[in-house]
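Structural description and commentary
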Amino acid sequence: MGPTILAIESSCDETSASIVRDGKVLNNVISTQSVHEIYGGVVPELASRAHQKTIVPVVRHCLETAGIGTQDLNAIAFTKGPGLLGSLLVGASFAKSMAFSLGIPLIGVHHMKAHILAHFIEKPIPQFPFLCLTVSGGHTQLVVVHSPLEMKVIGQTKDDAIGEAFDKCAKMLGFSYPGGPMIDKHSRGGISDRFTFPSTDIPDFDFSFSGIKTGFLYFLRNMEKESEDFIESNKADLCASIQRHLVNMVIEKLVNAANKMGIKEIGIAGGVAANSRLRSEVERLGSEYDWNVYIPKFEYCTDNAGMIAMAAHFQYEQQIFESPEVVPDARLVF
Ligand code: KG4
Ligand code: ZN
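These remarks concern the structure in this document. The structure presented is a predicted model; accordingly, all values stated were derived computationally and were not measured. (Residues numbered from 1 in each chain as written. Chains lettered and ligands numbered in written order. Predicted model: local features only at pLDDT ≥ 70, side-chain atom pairs only at ≥ 80, totals over all residues. Heavy atoms only, no water.)

This part is about the packing of aromatic side chains. Inspection of every chain in the model, using the stated rule, returns 13 aromatic pairs. On the basis of an interplanar angle of 70° and a centroid distance of 5.7 Å, the ring pair of Phe195 and Phe230 is categorised as edge-to-face. Taken together, the residues Phe195 in the loop between helix H5 (180-186) and helix H6 (210-226) and Phe230 in helix H7 (residues 230-233) connect sequence positions 35 residues apart. An identical accessibility class is assigned to Phe195 and Phe230; each is buried. (Phe/Tyr/Trp six-rings, centres within 6.5 Å; stacked < 30°, edge-to-face > 60°. Helix = DSSP H or I, 4+ residues; strand = E, 2+ residues; numbered from the N terminus. Buried < 20%, exposed > 50% of the residue type's maximum accessible area, 1.4 Å probe, protein only.)

This part is about the coordination of the zinc ion (ligand 2). Every protein donor of the zinc ion (ligand 2) is accounted for by His111 (NE2), His115 (NE2) and Asp303 (OD), and the metal-donor separations fall at 2.0 to 2.1 Å. Considering all four donor atoms around the zinc ion (ligand 2), the spread of angles at the metal, 94 to 144°, places the coordination shape in the irregular class. Of note, the donors binding the zinc ion (ligand 2) are all from one chain and are spaced H-x3-H-x187-D. One end of the pair, His115, is in helix H3 (residues 111-117); the other, Asp303, is in the loop between strand S10 (292-294) and helix H10 (305-317), with 188 residues separating them in the sequence. For His115, a relative accessible area of 0% puts it in the buried group. (Donors = N, O, S within 2.8 Å, 3.2 Å for Na, K, Ca; no water. Tetrahedral: all angles 85-135°; square planar, octahedral: opposite > 155°, others 65-115°.)

On the secondary structure map, Ser241 appears in helix H8 (residues 235-261). With a relative accessible area of 2%, Ser241 lands in the buried category. Here Ile191 takes part through its backbone oxygen, which lies 3.3 Å from a polar atom of the side chain of Ser241. (Polar contact = N/O pair within 3.5 Å; in protein donor to acceptor, adjacent residues only side chain to side chain.)

This part is about the site of ligand 1. Lining the immediate environment of ligand 1, one finds 20 residues, of which Gly137, Asp167, Asp184, Gly271 and Asp303 sit closest. One of the side-chain N or O atoms of His115 is found 3.3 Å from an oxygen atom in ligand 1. The contact in question runs from an oxygen atom of ligand 1 to an N or O atom on the backbone of Gly180, over 3.3 Å. Within the complex, the protein chains bury 91% of what would otherwise be the 560 Å² of accessible surface of ligand 1. At a threshold of 2 Å from the grid points, most atoms of ligand 1 map onto the largest pocket. Put simply, the parts of the chain that give the shell around ligand 1 at least two residues each are H3, helix H4 (162-172) and H5. (Near = heavy atom within 4 Å. Areas by Shrake-Rupley, 256 points an atom, 1.4 Å probe, with all protein chains shown as cover. 1 Å grid on protein atoms, 1.4 Å probe; cavity = no way out; pocket = protein on both sides within 12 Å on 5 of 7 lines; lining within 4 Å. Sits in = over half its atoms within 2 Å of the grid points.)

What follows is the structure in structure tokens.
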């Protein structure tokens, strides 16, 4: 029997715990904080307080539902970064205390690498090397994955992340946080090429989303000058059009990168991988370019400890452990 590891994720606004045993993720308990809804974004201070409140019940529930006692654990894993420092500190301190009291190793996991390793939780799994487009609320990256522990970022956003662009545009349309899923939902039945927006040219495989955010704001302001209820009466078309624009921005780079690198194993990961248009576009391109496309199940796309557990499993195999002095890093490099 391989190792049994408890993993904790607390980098942003989800408190989550998961058990991996012998490389198999047994469960994935997630508590999503609703306190941020009315603020239009995650409020760091409120996020760390909510983690502090829920971490014990979440871990207890995780152990109980997996039928695992603390004496069965071989290591404790936690998200080391990147993320909100106050939030990361809650998970890290909890993991450190637990590892210390049980006398077992501590594993620090990189949140973005874990999003990619979510592809190994369930079959089919990608063959190496594969190209992963990681799209979340904090990051937008194109990564060539050579092995579970060897990855190279070949492109990333120069400013905002795509999820942030989704959320900010959604806020302009009157949706509460997180607005990305609302744009997705309300775009159903909308005409996606009804409105077009200017795009910014960014070289190579990098991305930029700050221009479209401002562009969308000015576009709405101008249209509302002509008709006060412009947003309300065109909501589905607006959602479908901005969604199409944002998705095209990442798809274009994904195709260029796949062609240039000559890789046909393609994955998408991160919260925005839950977007229905992105999923269907990647599937469509898969048939066009003869790619094998991999998209993790929804619960493993948005922030979750299952992916931290999977990454921890690979690190445990190589005995990559943290010292008890470890501190999380909000800007942990790849
Ligand atoms: O990976 P994630 O849960 O957290 C970060 O690490 O950032 O990603 C959250 C992001 C949010 O911006 C949210 O609006 C976006 O993922 N998101 C979506 C959808 N579901 C989640 N964006 C567009 N369409 C969706 N269906
Ligand atoms: Zn994430």
